Amino acid sequence: MRLVAQKYGTLLVLFLVIAACGAISDRFFTVSNLLNILQQISMLTIVAVGLTYGFAAKEMDLSVGYTVGLAGLAAPLLLIAGYSLPVALAAALACGIVVGAVNSLLVVSIGVPSLIATLATGSILFGVNFILSGGRAIYGGLPASYLSIGQGRLFGIPSTAVAMLLVVGISWFLLERTVFGRRLYAVGGNARAAELSGINGRSFRAIGLAFSALFAAGAGILLSARLGSGQPNAGETYLLDGLAAVFIGMTMLRPGTATVLGTFFGALLIGVMNNGLNLAGMDTYVQSIVKGIVIVIAVSIVSRTTSLKLL
């Protein structure tokens, strides 16, 4: 029973929240609402999965929210300026690559702790985003081909949800079924032992930070395409919610370890809570309080049965 509680206690909380939401509103279990939940958590999940790569290597990226905003501005600005869709998408993803490279340089080469380095990078990006946008939303003149990335559907499923499921599936395979994943977890588990085993820990730590920034850039593209505009502060909420999704995920399946499936269920828990509280007509500030309480309960279920430490 203790082992079951450690591995599946948070999943039980998720099922209880789902049941409660279904009892609150008869609209919760409708197909349209369930698809809406998947769409709502799409960008959050992608950001959180990117963070999972960093956590696997024991590195944390606090700049992801602002990277979302940067990529979400870059693509619309280039499209409005007359550049083609492939160029705009490549440039937006390149923003994530550059941010990841800078973070990796600061953390791996110079030796700045990732919390401090990425906090500083995020502060810089915050200013850059407002300079690029002039402090206003970028909209108008965006081609339908770009908007369809965030607003389209594939076999009735929102395109953002399809992208999320692909990211989750591919990342799960990479981290759980490949040598790359085993080595990344080895570096995060014991960097010294990994080095003695012939694993280049510096490279894998850099890769973890690079993936975190790249996935944030991808989420920024989807977000601006869904909103139909680029907004300098649109990605700020994804940092705290993304970290919450990873932390919740670390309380299940393999307690204390960031996993892709755990992160997905963590994001799903957050999305279900937000949706259920919206259907119940609760104010935003009340939703924030309830969400915080449920997250604490979810983590406490496992923390009481194990010496789990998330940080």
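Trainee: Sorry, what's going on with the overall build of the protein here?
Mentor: Within the protein, the secondary structure is distributed over 13 helices and four strands. Its C-alpha atoms give the protein a radius of gyration of 19 Å, near enough to 19 Å, the size a compact globule of 311 residues would have. Principal-axis analysis of the C-alpha atoms places the extent of the protein at approximately 60 × 55 × 35 Å. Looking at the protein as a whole, 50% of its 311 residues qualify as buried. A total accessible area of about 13,900 Å² is found for the protein, and carbon and sulfur atoms account for 68% of it. Charged side chains in the protein number 17 positive and 8 negative. The centres of these two groups are separated by 9 Å.

Trainee: Can you walk me through the packing of aromatic side chains in this structure?
Mentor: By convention here, two paired aromatic rings are described through the distance between centres and the angle between planes. Applying the stated criterion to the full structure yields ten aromatic pairs. A ring pair is formed by Phe28 and Phe29, whose centres lie 5.0 Å apart and whose planes are at 85°; its orientation type is edge-to-face. Between the aromatic rings of Phe55 and Phe247, the centroid separation amounts to 5.7 Å while the plane-to-plane angle is 80°, which identifies the pairing as edge-to-face. With Phe55 in helix H2 (residues 31–56) and Phe247 in helix H11 (residues 237–249), this residue pair connects regions lying 192 residues apart in the sequence. Judged by its relative accessible area of 8%, Phe55 falls in the buried class. Here the aromatic cluster, defined as three or more aromatic residues joined through ring pairs, consists of Tyr53, Phe180, Phe204, Phe211 and Phe215. A cation over a ring is seen here: Arg254 above Tyr185, with NZ or CZ 5.2 Å from the ring centre.

Trainee: Before we go on, may I ask you to explain a nonpolar patch on the surface in this structure?
Mentor: Nonpolar side chains collect at one region of the surface, where Ile289, Ile293 and Ile297 lie side by side and expose about 280 Å² of accessible area between them. Inspection of the secondary structure assignment puts Ile297 in helix H13 (residues 284–303).

Trainee: When you look at the packing of helix H3 (residues 64–80) against helix H4 (residues 85–110) in this model, what are you seeing that I'm missing?
Mentor: Geometry of a packed helix pair, given as the angle between the helix axes and the separation of the axes. For the pair H3 and H4, interaxial distance at closest approach is 8 Å and the crossing angle is 155°. Viewed along their axes, H3 and H4 adopt a mutual orientation that is roughly antiparallel. For the pair H3 and H4, the sense of crossing is right-handed. Listed contacts from H4 to Thr67, Leu70, Ala71, Ala74, Ala75, Leu78 and Leu79 of H3 are Leu85, Val87, Ala88, Ala91, Ala92, Cys95, Gly96 and Val99.

Trainee: Explain H3 here, please?
Mentor: Three or four residues apart is the spacing at which side chains of an α-helix point the same way, because the helix has 3.6 residues per turn. Its 17 residues place the ends of H3 25 Å apart at the C-alpha level, agreeing with the 24 Å of an ideal helix rising 1.5 Å per residue. In terms of burial, H3 is a largely internal element, 13 of the 17 residues being buried. Gly82 occupies a position one or two residues after H3 and carries a positive phi of about 105°.

Trainee: So what exactly am I meant to see when it comes to the pattern of salt bridges here?
Mentor: Between side chains of opposite charge, a pair can form as their charged atoms come close. Evaluation of the coordinates by the stated rule reveals two salt bridges. Notably, a salt bridge pairs Glu176 with Arg254, separated by 3.0 Å at the nearest N-O pair. Remark: Arg254 occurs in the loop between H11 and helix H12 (260–279) and Glu176 occurs in helix H7 (residues 159–177); sequence separation between them is 78 residues.

Trainee: Would you mind going over the packing of H2 against H7 with me for this structure?
Mentor: Viewed as axis vectors pointing N to C, H2 and H7 meet at an angle of 25°, and their least axial separation amounts to 8 Å. It follows that H2 is roughly parallel to H7 by the angle criterion. When the axes of H2 and H7 are compared, the crossing they make is left-handed. Residues Leu38, Gln39, Ile41, Ser42, Met43, Thr45, Ile46, Val49, Thr52 and Tyr53 of H2 pack against Thr160, Ala161, Ala163, Met164, Val167, Val168, Ser171, Leu174 and Leu175 of H7. Counted by class, the contact of H2 with H7 contains 13 nonpolar, six polar and no charged residues.

Trainee: Just checking my understanding: could you explain the side chain of Ser171 for this structure?
Mentor: With respect to the helices and strands, Ser171 occurs in helix H7. Separated by 2.9 Å, the side chain of Ser171 and the backbone oxygen of Val167 make a polar contact. Dropping the residues within four chain positions of it, Ser171 is found in contact with Val49, Tyr53, Phe215 and Val260.

Trainee: What is the right way to look at unusual backbone geometry in this model?
Mentor: Non-glycine residue Lys58 carries a positive phi angle of around 60°. Along the polypeptide, Lys58 turns up in the loop between H2 and H3. Taking relative accessible area as the criterion, Lys58 reaches 56% and is therefore assigned exposed. Here Phe155, not a glycine, exhibits a phi torsion of approximately 55°, which is positive.

Trainee: Sorry if this is basic, but what is going on with the confidence of the model for the protein here?
Mentor: Residues shown with low pLDDT carry predicted positions that ought not to be read at fine detail. Taken residue by residue, the protein gives an average pLDDT of 90. The fraction at 70 or more is 94%. Highest mean pLDDT in the protein belongs to H7 (97); lowest belongs to H13 (72).

Trainee: Would you explain the environment of Trp172 in this entry?
Mentor: Here Trp172 lies in helix H7. Classification of Trp172 as partly exposed rests on a relative accessible area of 29%. In this structure, the C-alpha to C-alpha distance between Trp172 and Leu261, residues 89 residues apart in sequence, is 7.0 Å. Beyond its immediate stretch of four places on either side in the chain, Trp172 contacts Arg177, Val260 and Leu261.

What counts, and at which threshold
Residues numbered from 1 in each chain as written. Predicted model: local features only at pLDDT ≥ 70, side-chain atom pairs only at ≥ 80, totals over all residues. Heavy atoms only, no water. Helix = DSSP H or I, 4+ residues; strand = E, 2+ residues; numbered from the N terminus. Rg over C-alpha atoms; globule rule 2.2 N^0.38 Å. Buried < 20%, exposed > 50% of the residue type's maximum accessible area, 1.4 Å probe, protein only. Areas by Shrake-Rupley, 256 points an atom, 1.4 Å probe, with all protein chains shown as cover. Lys, Arg positive; Asp, Glu negative; His and termini not counted. Charge placed at Lys NZ, Arg CZ, Asp CG, Glu CD. Phe/Tyr/Trp six-rings, centres within 6.5 Å; stacked < 30°, edge-to-face > 60°. Lys NZ or Arg CZ within 6 Å of the ring centre and 35° of its normal. Patch = residues over 30% accessible without salt bridge, like charges linked within 9 Å, V, L, I, M, F, W, Y side chains within 5 Å. Salt bridge = Lys/Arg side-chain N within 4 Å of Asp/Glu carboxyl O. Axes fitted to C-alpha atoms, helices over the stretch in contact; angles between N-to-C directions. Parallel < 35°, antiparallel > 145°, perpendicular 65-115°, else oblique. Left-handed = near helix turned anticlockwise from the far one by under 90°. Contact = heavy atoms within 4.5 Å. Expected span 1.5 Å × (residues − 1). Nonpolar A, V, L, I, M, F, W, Y, C, P; charged D, E, K, R; others polar. Polar contact = N/O pair within 3.5 Å; in protein donor to acceptor, adjacent residues only side chain to side chain. pLDDT = per-residue confidence, 0-100.

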